[in-house]
Structures are given as C-alpha cells and as structure tokens.
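# Tertiary structure, described
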Amino acid sequence: MSQHLPLRLYNTLTRQREDFVPIDRSKVRMYVCGPTVYDLAHIGNARPIIIFDVLYRLLRQLYGEAHVTYVRNITDVDDKINARAAERGISIRALTDETAAVFHEDVAELNCLPPDVEPRATEHIAEMIAIIDKLVAGGHAYAAEGHVLFSVPSMADYGGLSRRPLDEMIAGARVDVAAYKRDDMDFVLWKPSKESEPGWDSPWGRGRPGWHIECSAMSWKHLGETFDIHGGGIDLVFPHHENEIAQSRCAFGHSVMANVWMHNGFLQVEGEKMSKSLGNFVTIRDCLGDWPGEAIRFNMLKTHYRQPIDWTLASLRESKRELDRMYPLATQFAASPAMAPPEFVAALCDDLNLPEAITILRRLYTEALEGVALAGTRLASCGHMLGLFQKDLAAWNGWRPPSAHIDELHVQRLINARIAARKAKDFAESDRIRDELTGMGLQLRDGKDANGEFFTHWDVLR
Ligand code: AMP
Ligand code: ZN
C-alpha cells in the first residue's frame with residue numbers, strides 16, 4: 001500500500017467534504033447503481049459511469065488494485081423491461097442480454113474499467129427475500145394483498161439523506177397511493193406478478209421485487225452490511241437511495257449503510273433537459289458514432305462532477321481537438337503511476353477536482369513541448385490516471401466516425417494488398433495495412449477457406 005495524501009470526498013449524507021477513512025483499508029468497497037437494461041443508455045447515464053471510473057482508478061492507485069472492490073449492478077427486472085420486451089415480441093432475457101451487451105461495448109469504448117463484480121438483480125432474488133423477511137420480522141415491513149411494504153413510520157430517522165421536508169416527501173409518495181398502504185410514504189418491497197409477468201415464489205406468493213430492494217440485496221451480498229462508498233446520479237438521492245438506506249439499516253441494525261454517499265450532477269444537452277419529446281436525446285451509441293470514446297470521456301471530465309454539465313457539440317469538438325494536440329506527445333512516453341506529480345494527485349484527492357487536474361495536464365503538455373525534463377512522462381502518467389491516451393497514435397489518428405460512409409471498394413483494395421503482402425512475407429507492410437484498416441474503425445477476421453487459401457472478413461466495429 002502506497003503512502004498518500006488524504007482523500008477528501010463530499011458526502012451527501014453530511015453535506016460536507018470529509019477525509020475518507022475506509023472501514024478496512026485492505027478492502028475498500030464501493031457500490032454504484034447501474035443501468036436498467038431496457039434500452040440504449042443515454043449520454044447522461046455515461047456520466048456516473050465515467051466519474052466513478054475515475055474514482056475507482058484513484059482508489060486502486062491509493063490502496064492497491066487488490067484492495068478495492070467496485071460493484072456496479074445491472075437492473076434486469078423492471079416494469080419498463082417487461083413492457084419493452086412485450087412491445088418487441090422478444091423474451092425478457094433476450095432484451096436484457098442484448099441491452100447489457102451494447103452497454104458493455106459502449107462503456108469499454110469510453111475507457112471505463114469493468115467493475116470487479118457486476119451483479120444482476122434476477123440472480124439475487126433469494127437475498128432480496130431474506131432482507132424482506134428480516135424487515136417483516138423486525139416490524140419494519142408488512143404484507144398486504146400480495147404486496148410487501150416498507151413501513152416508513154417504523155424508522156425514526158427516515159429521510160436523513162435527502163433531508164426533504166416531510167410534506168414534500170408525502171406529496172411525492174402520493175403519486176403512488178394504494179388502499180393497501182398503511183401510510184402514504186410506505187414503499188413497495190415486493191409485488192405480485194400476473195401469469196404473464198416475470199415472478200418468483202416467495203413467502204408472500206409469486207411476485208417480483210421493487211427497485212430499491214435490489215440494490216440493498218446486491219450491495220449486501222457483495223460488499224457486506226456496511227461499506228465505504230455508494231454512488232449514483234443526483235436524481236437517485238430520493239427516493240431510491242433514501243429507501244435503500246431505510247431497508248439496509250433496518251434489516252441489519254446499523255447506523256449507516258454506506259459511510260460516504262456521492263452523487264454526480266445532471267447532464268443537459270445544448271442548454272436543455274434531454275428528452276425524447278424534445279428530440280435532443282443522445283444515446284452513448286449515437287455519440288460514439290460521431291466521436292472517439294476518449295474525446296467523449298475527456299469532455300465529461302472537464303466539468304466538476306457535482307456541477308451540472310451542458311453537453312454541446314462545440315465542447316465535444318474542442319475536446320477532440322485538444323486530444324489531437326496532446327496525443328502525439330503523450331504517446332511517446334510510458335505512463336507510470338509514480339510519475340504523476342503530487343499536485344495532480346492532490347487535485348484528484350480533493351473531491352475529484354477534475355477541472356484542476358486537467359489544468360495541470362495542460363501545463364504538463366506545454367512543458368513537454370518546451371522540452372522540460374520528465375514533463376512528457378508526467379503528461380502520459382496523469383493521462384493514464386484519467387483513462388486518456390490509451391490508444392496508440394496510429395489508431396487515434398486513423399479514427400473515423402463509424403457512422404461515416406465506408407468506401408467498400410477502397411477497403412477491398414487494402415485487404416487484397418494486405419493478403420499480397422503476407423504472401424510475399426512482407427509482414428511490416430501487411431501490419432501497416434492492418435493498422436490502417438482498424439484505424440478506419442473496421443474489424444478484421446482472418447481465416448483459411450477449404451482450399452487452405454487465406455482470406456479476410458471485415459466488419460464495421462460497433
Ligand atoms: P437510470 O437508468 O435512469 O436509473 O440511470 C442510471 C444512472 O444514470 C443513474 O445513476 C442516474 O442518476 C444517472 N443519470 C440519468 N440521467 C442522467 C443525466 N441526465 N445526467 C447525469 N446522470 C444521469
Ligand atoms: Zn441502486
């Protein structure tokens with residue numbers, strides 16, 4: 001474990017920046033709410049994925065890779081999923097598998113490391129039932145008409161995370177008033193399923209879980225009754241995170257569920273709230289059709305994670321240009337965690353002050369241009385901590401929008417030239433052509449046909 005500066009994080013629970021003190025520094029534990037896999041993730045969903053990836057990388061550097069566990073779930077049981085699968089006439093599993101696969105490809109393009117554990121809600125039904133059982137036994141939940149509800153009045157300090165006035169919470173909860181609720185604020189832990197809906201046997205009949213209980217169960221299974229950091233977007237504070245806290249604390253009898261609660265600010269597009277009806281809804285996939293993943297990532301990192309971010313074409317263009325400038329220099333040097341200057345690490349340790357970290361990155365670039373000793377290595381090392389400069393220069397320069405037109409004749413000529421070069425054992429040339437083709441966003445698959453003749457299939461990557 002390396003010696004390091006104190007990490008300070010803003011905690012939504014206390015509304016303060018605090019020194020981060022892990023429960024067990026040999027096992028730092030973080031949970032982030034993941035996607036509900038019914039449709040393509042949008043660019044706003046990419047924000048928590050990228051921000052918590054930076055925090056994950058930082059924690060790994062500070063505590064050692066083997067000492068950090070990052071859990072990000074997949075919500076694969078949800079009424080939106082049922083509706084979409086029915087609409088498309090496919091099974092729920094087919095829909096959730098397809099959506100999760102696209103999500104994985106997209107976030108990998110954004111240079112986000114996979115979490116250590118990526119639990120699926122449907123594989124944790126037994127844990128959900130176990131928690132609900134404990135809540136019922138402890139007087140914190142009750143069964144009514146096939147539902148099980150959490151009894152909000154049973155928890156004296158309910159509402160500590162969002163600190164919303166009681167009347168506001170009641171008004172919010174009234175959206176979902178039902179005769180079987182003892183109190184308007186009570187929320188669903190379990191609900192009955194119709195024959196056509198996915199369901200599991202439980203002590204309360206065949207049914208399915210509410211959304212909040214899923215995260216209480218998955219975090220418990222993989223991180224324990226209490227853990228260090230819980231994250232997500234600011235919209236999750238109420239009711240999702242408030243209710244996760246209520247469930248986990250009342251089931252396990254602790255004063256906290258996670259010590260630190262972190263929330264990223266919201267993303268809007270060209271100054272407006274993103275929505276399908278406004279026609280400004282951008283999926284990660286759309287964005288990757290126009291920009292390299294690293295430019296999207298860099299653009300996301302430029303705004304402090306707790307501030308709102310305005311996602312604009314102009315800012316994306318500028319982010320791509322800035323990386324175009326830095327890439328040739330940065331990729332000449334090997335990155336090494338120890339070579340990131342202390343002030344850069346300090347900026348990240350100051351509640352992920354990314355704007356400050358990027359100012360330092362720019363300064364290192366200028367210094368490297370001027371030939372200042374070690375500045376190039378420092379630039380590469382800082383970039384690495386942010387998940388930047390991960391491609392080689394040829395791949396970065398050769399990037400073309402996958403959504404752009406592909407000249408198939410030109411591609412076929414290159415492929416033929418590569419095959420000819422291989423036959424002539426000119427491997428330098430055949431590798432060069434391969435790089436050119438992959439740089440165009442194409443994926444090559446080599447094989448031999450029945451006559452032993454070498455051939456190449458190509459495909460547009462994505
Ligand atoms: P959802 O699929 O809506 O539950 O969202 C998944 C994650 O994306 C959650 O952490 C949300 O808080 C976050 N999120 C959703 N929309 C936005 C947005 N416009 N800006 C930033 N984060 C968002
Ligand atoms: Zn959650």
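Residues numbered from 1 in each chain as written. Chains lettered and ligands numbered in written order. Predicted model: local features only at pLDDT ≥ 70, side-chain atom pairs only at ≥ 80, totals over all residues. Heavy atoms only, no water.

Each protein donor to the zinc ion (ligand 2) is listed here as Cys33 (SG), Cys215 (SG), His240 (NE2) and Glu244 (OE); together their distances run 2.1 to 2.5 Å. Around the zinc ion (ligand 2), the four donor atoms are arranged such that angles at the metal cover 75 to 129°; this shape is classified as irregular. Positions of the donor residues of the zinc ion (ligand 2) along the chain correspond to the pattern C-x181-C-x24-H-x3-E. With histidine 240 and glutamate 244 both in helix H7 (residues 237-252), this residue pair falls four residues apart, about one helical turn. Exposure class is identical for histidine 240 and glutamate 244. Each is buried. (Donors = N, O, S within 2.8 Å, 3.2 Å for Na, K, Ca; no water. Tetrahedral: all angles 85-135°; square planar, octahedral: opposite > 155°, others 65-115°. Helix = DSSP H or I, 4+ residues; strand = E, 2+ residues; numbered from the N terminus. Buried < 20%, exposed > 50% of the residue type's maximum accessible area, 1.4 Å probe, protein only.)

Moving on, we come to helix H10 (residues 313-330). An ideal rise of 1.5 Å per residue puts 26 Å on 18 residues; H10 measures up with 25 Å between its terminal C-alpha atoms. Helix geometry: H10 is bent most strongly at aspartate 324, by close to 25°, with proline proline 328 lying one to four residues after it. Buried residues along H10 sit in contact with helix H8 (284-290), helix H9 (293-301), strand S12 (309-311), helix H12 (354-369), helix H13 (375-385) and helix H14 (393-397). (Expected span 1.5 Å × (residues − 1). Bend = angle between axes of the 7 residues up to and from the residue. Contact = heavy atoms within 4.5 Å.)

Now for the sheet that holds strand S7 (residues 187-192). Across the sheet, four strands lie side by side as S5-S6-S7-S8; this open sheet has antiparallel pairing. Two strands bound the open sheet, and with one partner strand each, they are strand S5 (141-144) and strand S8 (207-209). Taking each pair of neighbouring strands and ignoring which way they run, the sheet shows an average axis angle of 20°. Bridge count between S7 and S8: three bridges; the pairing is antiparallel. Following the sheet pairing, proline 192 is matched in S8 by glycine 207. In this fold helix H4 (residues 125-137) packs onto S5, strand S6 (147-150), S7 and S8, with an angle of close to 120° to the strand it touches most, S7. Taken strand by strand, H7 contacts S6 and S7, and its axis lies near 85° from that of S7. (Pairing = 2+ DSSP bridges. Axes fitted to C-alpha atoms, helices over the stretch in contact; angles between N-to-C directions.)

What follows deals with the pattern of salt bridges. Counting across every chain of the model gives 34 salt bridges. For aspartate 53, the salt bridge identified is with arginine 57, shortest N-O distance 2.9 Å. One end of the pair is aspartate 53 and the other is arginine 57, both in helix H1 (residues 43-63) and four residues apart, which spans about a single turn. On the basis of relative accessibility, which here comes to 12%, the residue arginine 57 falls in the buried class. The network of salt bridges with common partners includes Asp79, Lys191, Lys194, Glu197 and Arg208. (Salt bridge = Lys/Arg side-chain N within 4 Å of Asp/Glu carboxyl O.)

Segmenting the chain into domains produces domain 1 (8-267), domain 2 (289-397) and domain 3 (408-460). Here domain 2 and domain 3 have C-alpha centroids that lie 33 Å from each other. (Domains from an automatic or database assignment.)

All right, on to the packing of aromatic side chains then. Per the stated rule, a full pass over the model turns up eight aromatic pairs. A ring pair is formed by tyrosine 327 and phenylalanine 389, whose centres lie 5.5 Å apart and whose planes are at 85°; its orientation type is edge-to-face. A residue pair is termed long-range when its members are at least 10 positions apart, and tyrosine 327 in helix H10 and phenylalanine 389 in the loop between H13 and H14 qualify at 62 residues. Exposure remark for tyrosine 327: the relative accessible area of 0% places this residue in the buried category. A ring pair is formed by tyrosine 327 and tryptophan 396, whose centres lie 4.4 Å apart and whose planes are at 5°; its orientation type is stacked. In this pair, tyrosine 327 is assigned in helix H10 and tryptophan 396 in helix H14, connecting sequence segments 69 residues apart. With a relative accessible area of 3%, tryptophan 396 lands in the buried category. The rings of Tyr327, Phe389 and Trp396 are connected pair by pair, giving a single aromatic cluster. Lying over the aromatic face of tyrosine 10, arginine 306 brings its terminal NZ or CZ to 4.0 Å of the ring centre. (Phe/Tyr/Trp six-rings, centres within 6.5 Å; stacked < 30°, edge-to-face > 60°. Lys NZ or Arg CZ within 6 Å of the ring centre and 35° of its normal.)

In this structure the C-alpha to C-alpha distance between arginine 57 and valine 68, which are eleven residues apart in sequence, comes to 9.5 Å. Ignoring any residue separated from it by four or fewer positions in sequence, one finds arginine 57 in contact with Asn111, Leu113, Arg297, His384, Met385 and Gly387. Within the local environment of arginine 57, its side chain forms a polar contact with the backbone oxygen of asparagine 111, the two atoms lying 2.7 Å apart. (Polar contact = N/O pair within 3.5 Å; in protein donor to acceptor, adjacent residues only side chain to side chain.)

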